[in-house]
Amino acid sequence: MKALRQGSRKGRVTVLPEKQLLISFDGLRIDPQLPRHWKRARLQRSWRGAEFEIVMRQLASVRHPELRLDGRPIKGNLNPCQPAGTRHTLTINLPGKPPPTPSRSRP
């Protein structure tokens, strides 16, 4: 399986399957997924001359994947083409597992 590898200042390497960022003629199609034990991932991606900081987070309050480009919601999973030389933040909020329910002890 091909993967995107992104280094960090601390020497860690994040590996994400390449199929999560599918390039199409009309935009960057995203199939966001993270391993269940990851809470977040961050990577940089250059595409058609535009720079993207991609932040993926798993949140218990989210029921369906939510994509935002520079804070504005994107419908569906297609990030439209952006002009070359521009910088953008693509935030992807994914459904996370809810925190465990505290068990009640019997008196």
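Reading the values: the criteria
Residues numbered from 1 in each chain as written. Predicted model: local features only at pLDDT ≥ 70, side-chain atom pairs only at ≥ 80, totals over all residues. Heavy atoms only, no water. Helix = DSSP H or I, 4+ residues; strand = E, 2+ residues; numbered from the N terminus. Buried < 20%, exposed > 50% of the residue type's maximum accessible area, 1.4 Å probe, protein only. Pairing = 2+ DSSP bridges.

Looking at the environment of Arg-29
Turning to step 1, where the next piece is worked out: Relative to the assigned elements, Arg-29 resides in strand β4 (residues 27-30).
Turning to step 2, where the next piece is worked out: On the accessibility criterion, Arg-29 (29% relative accessible area) is partly exposed.
Turning to step 3, where the next piece is worked out: Arg-29 sits 50 residues away from Asn-79 along the chain, and the two C-alpha atoms are 6.1 Å apart.

Examining unusual backbone geometry
Turning to step 1, where the next piece is worked out: With a phi close to 55 degrees, Arg-48 is a non-glycine residue in the positive phi region.
Turning to step 2, where the next piece is worked out: If you trace the backbone, Arg-48 turns up in the loop between β5 (40-47) and β6 (50-59).
Turning to step 3, where the next piece is worked out: Relative accessible area serves as the criterion here: at 44%, Arg-48 is assigned to the partly exposed category.
Turning to step 4, where the next piece is worked out: Phi is positive for Asp-70, which is not a glycine, with a value near 55 degrees.

Digging into the pairing of β6
Turning to step 1, where the next piece is worked out: Relative to β6, β5 runs antiparallel, the two sharing 8 bridges. Across the sheet, Arg-45 pairs through a bridge with Phe-52, a residue of β6.
Turning to step 2, where the next piece is worked out: Linking β5 back to β6 in an antiparallel pair, the connection comprises 2 residues, with Arg-48 at a positive phi of about 55 degrees.
Turning to step 3, where the next piece is worked out: Here β6 pairs with strand β10 (residues 87-95) via 9 bridges, running parallel. When the bridges of β10 are listed, Leu-59 appears paired with Pro-95.

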